[in-house]
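Commentary on secondary and tertiary structure
So you can see what is in the structure, the chains are spelled out below.
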Amino acid sequence: MEHAMKFVQLIGSLDRKERPVDPISKPSGPGDDSGPKRPETDSPSRDNLMKRMKKVDPKQAEKYRQRTGE
Amino acid sequence: MELVRAYLDGHFTRRWDYRGEHPHEDQRGFRVTELAQDKEEDLFAEQDAHRPFSFHEMKSDLVLPNGARFYNDHTHPEYATPECRTIKDIVAHDRAGERILWVAAQRRNEVLGGRVVQLYKNNTDFHGHSYGCHDNYLVPRAINFDNLVRGLLPFLVSRQVIAGAGKVGREAQERGFTPGGFQLSQRADFMETELSVDTMHNRPILNTRDEPHATRERYRRLHLILGDANMCEYTTALKIGTTRVVLDMIAAGFIPSFDLVSPVAAIQAISQDPDLKTVVKRQEGGTISGLDIQREYVEQARRVLTNIDEETEWILQEWEQVIDQLQKDPLQLLGKIDWVTKRWLLESFVQDEGIGWDDPWLASLDLEYHNIDPERGLFYGLEAEGRATSISQEDEIQEAMKRGPLDTRGGLRGLCVQRFGEDINSIQWEGVDFNGKDGKLHLDLLDHLEPVSVAHCRAALEAAKTPLDVIESMTVEQ
């Protein structure tokens, strides 16, 4: 029994003066402050991800059906 | 239906009021007599007629304590966040929605035994059926609709470059799936026209439904149905943030220096080239790439917008940086931009397994990227390895599961559910009807959009012992 999820995101776009200042700090990513690095091709995390991917049923998408939505 | 109801601690009581919905009203100043989807909706109704439930029971429309709406729409669960004022809030509430649906799935699985129910936050079933992730913006009606369209179309056609969720293969509405290759967007294949009030067939780049859920004379609701369901928080922040910035630009009088010859052909051509080299024709002559359209917009934003607040500055900085990184080294955006992340995962798998891009396994992996089961979802796996960039802190997501933003109408709606849920007779975006001794008590939320007004109503709700106290308090204030 597999379902899609449809998300609806609601946000106001009023005059900027009416929007309170709510600063978003620089998002924290992996590593140091200089930003994400090129992915390592042989890292343990990559191996874990490949293991997870290999568990996926190759026919999963073929079996998956939804009604057309909005 | 049972999945949605699984989130409830008690029994389902019908409360959602559908009278505020007007899908046939068009922003271009007319009302259509029917939608392209009406016949299909009738067919679905016929198919569902044998079920021992009424329409309202099957919909199981819920309003949650955080002001969100959660219900069964076309047999998939639909989650609408409460109204948010900041990018940080919308990202936290988007993630809260994932958690809420996961709670519902776990509870349903406890009943059924095993991990029978799996939920995918995506936009296609790889058989030609699509369902959207709609982003909605409150816009002053004073902005001329033609200017809104002209200002938005090139931006929306190219937004997938920074906000696409990525997809293997190609699809066509109701005509199925063709494996092979990788494209930027889940939804581009399903865009068929520039403007339309329809949402299930003849899907438009810019939906013209005129259903403001606010004072009609003052506001529009921009209802965008072309966006992908994103897993990366950073992509969600950039998608919503850049769109909000472009709306600010249009409000400030911005009109782009070019129009595209064929926006529908352009959105599909841009999507089908993850190397971002494809160019599309401009009406004024010459061509432009999707990346350069985005660059044109961010450069204009720097010129047009003055008195930039901190949130806008963050959006502009990140927007500029992402455009540069996409041009120089897209892999720097791993864990930040969905299509880059998904492409890297699939490319790695293709290399490891020695399979071709037309292997059906890749569509299954594409689907699994969007699985919200923490132990199965591929994006969640990447996040667990610390390779996804976070915008929300865990405590902010937990808070968003319980309460709506304190500075929006969504928070007020949530407060009504938290404090007087059992007294609610009916509820919708624009107001709440409570059961009173002498009939219904109506709390009008239509105009509670500005922070001061929201704060007044919130104080009344927090101080009240009964719904009547709220109504009386609000009446005195008026």
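Each value, and the rule that gives it
Residues numbered from 1 in each chain as written. Chains lettered and ligands numbered in written order. Predicted model: local features only at pLDDT ≥ 70, side-chain atom pairs only at ≥ 80, totals over all residues. Helix = DSSP H or I, 4+ residues; strand = E, 2+ residues; numbered from the N terminus. Buried ≥ 20, exposed ≤ 12 C-beta atoms within 10 Å, placed from the backbone. Rg over C-alpha atoms; globule rule 2.2 N^0.38 Å. pLDDT = per-residue confidence, 0-100. Pairing = 2+ DSSP bridges. Axes fitted to C-alpha atoms, helices over the stretch in contact; angles between N-to-C directions. Contact = placed C-beta atoms within 7 Å. Parallel < 35°, antiparallel > 145°, perpendicular 65-115°, else oblique. Left-handed = near helix turned anticlockwise from the far one by under 90°. Nonpolar A, V, L, I, M, F, W, Y, C, P; charged D, E, K, R; others polar.

1. A short note on the overall build of chain A
Helix and strand counts for chain A come out as two helices and two strands. Counting helices and strands in the order they occur from the N terminus, chain A gives β-β-α-α. Taken across its 70 residues, chain A has 31% of its residues classed as buried.

2. Observations concerning the overall build of chain B
Each helix and strand counted, chain B has 16 helices and 17 strands in total. Relative to the compact-globule value of 23 Å for 478 residues, chain B shows a C-alpha radius of gyration of 22 Å, a close match. When its C-alpha atoms are laid out on the principal axes, chain B stretches across 70 × 55 × 45 Å. Classification of the 478 residues of chain B by burial places 50% in the buried group.

3. Some details on the confidence of the model for chain B
Mean pLDDT over chain B stands at 96; residues scoring 70 or higher make up 100%. Across the predicted assembly, pTM comes out at 0.93 and ipTM at 0.90.

4. A few points about the sheet that holds strand S16 (residues 431-436) of chain B
Residue and element names in this part refer to chain B. Taking strand neighbours across the sheet as the criterion, the three strands line up as S15-S16-S17 in an open arrangement whose pairing is antiparallel. The sheet is open, and its two borders are formed by strand S15 (424-428) and strand S17 (439-444), each paired with just one other strand. Neighbouring strand axes in the sheet, compared pairwise and without regard to direction, differ in orientation by 15 degrees on average. Pairing geometry for S15 and S16, over four bridges, is antiparallel. The residue bridging Ser426 from the neighbouring strand is Asp433, located in S16.

5. A short note on the pairing of strand S5 (residues 76-80) of chain B
Residues and elements named next belong to chain B. For S5, a buried count of four out of five residues is recorded, marking the element as mostly surrounded by other parts of the structure. Across five bridges, strand S4 (residues 69-73) lies against S5 in antiparallel orientation. For Asn72, the partnering residue across the bridge sits in S5 and is Pro77. The turn linking S4 back onto S5 is made up of two residues, and His74 within it adopts a positive phi angle of 55 degrees.

6. Comments concerning the confidence of the model for chain A
All names here are of chain A. Of all residues in chain A, 41% attain a pLDDT of 70 or more, and the chain-wide mean is 67. Per-element confidence in chain A is highest for helix H2 (residues 60-63), whose mean pLDDT is 96, and lowest for strand S1 (residues 2-4), whose mean pLDDT is 62. Below pLDDT 50 for its whole length, residues 13-23 participates in 26 contacts with residues either more than four positions away or in separate chains. Long-range and interchain partners of residues 25-37, a stretch whose pLDDT sits below 50, account for 20 contacts in this model, where long-range means more than four residues apart.

7. Thoughts on the pairing of strand S8 (residues 167-172) of chain B
Residue and element names in this part refer to chain B. Bridge count between S8 and strand S9 (residues 176-183): five bridges; the pairing is antiparallel. Each bridged residue has a counterpart across the sheet, and for Ala172 the counterpart in S9 is Gly176. Here S8 folds back onto S9, and the loop between the two strands holds three residues, one of which, Glu174, carries a positive phi near 65 degrees.

8. Digging into the packing of helix H6 (residues 233-251) of chain B against helix H8 (residues 290-304) of chain B
All names here are of chain B. The N-to-C vectors of H6 and H8 enclose an angle of 50 degrees; their axes lie 10 Å apart at closest approach. By the angle class used here, H6 and H8 are oblique. Seen along the crossing, H6 lies across H8 with a hand that is left-handed. Of the residues in H8, those in contact with Val245, Val246 and Met249 of H6 are Tyr297, Gln300, Ala301 and Val304.

9. Observations regarding the environment of Phe434 of chain B
All names here are of chain B. Assignment of secondary structure puts Phe434 in strand S16. With 185 residues separating them in the primary sequence, Phe434 and Met249 have C-alpha atoms 41 Å apart. Each residue touching Phe434, except ones within four places of it in the same chain, is listed here: Phe420, Asp423, Ile424, Asn425, Lys440, Leu441, Leu443 and Pro467.

10. Considering the environment of Gln47 of chain B
All names here are of chain B. Position of Gln47 relative to the elements: it lies in helix H2 (residues 38-48). A tally of 11 C-beta atoms within 10 Å means that Gln47 is categorised as exposed. Sequence separation between Gln47 and Gly181 is 134 residues, and the spatial gap between their C-alpha atoms is 36 Å.

11. Details of the packing of helix H4 (residues 87-112) of chain B against H6 of chain B
Residues and elements named next belong to chain B. For the pair H4 and H6, interaxial distance at closest approach is 9 Å and the crossing angle is 130 degrees. As far as their axial angle goes, H6 and H4 are oblique. When you trace H4 past H6, the crossing you get is right-handed. Contact residues: Ile87, Ile90, Val91, Asp94 and Arg95 in H4; Glu233, Thr236, Ala237, Ile240 and Gly241 in H6. Residues that form the contact of H4 with H6 fall into these classes: five nonpolar, two polar and three charged.

12. Brief notes about the environment of Gln283 of chain B
All names here are of chain B. Structurally, Gln283 can be placed in the loop between strand S13 (279-281) and strand S14 (287-289). In this structure the C-alpha to C-alpha distance between Gln283 and Asp189, which are 94 residues apart in sequence, comes to 23 Å. In this view, Gln283 contacts Phe258, Asp259, Leu260 and Val261; residues no more than four positions away in its chain are not counted.

13. Some points on unusual backbone geometry
Residue and element names in this part refer to chain B. A positive phi angle, close to 45 degrees, is found at Ser60, a residue other than glycine. Examined against the element boundaries, Ser60 turns out to sit in the loop between helix H3 (55-59) and strand S3 (62-63). Residue classification places Ser60 among the buried residues on the basis of 22 C-beta atoms within 10 Å. Located in the positive-phi region is Asn307, a residue other than glycine, with phi close to 50 degrees. Note on placement: Asn307 falls in the loop between H8 and helix H9 (310-328). Residue classification places Asn307 among the exposed residues on the basis of 7 C-beta atoms within 10 Å.

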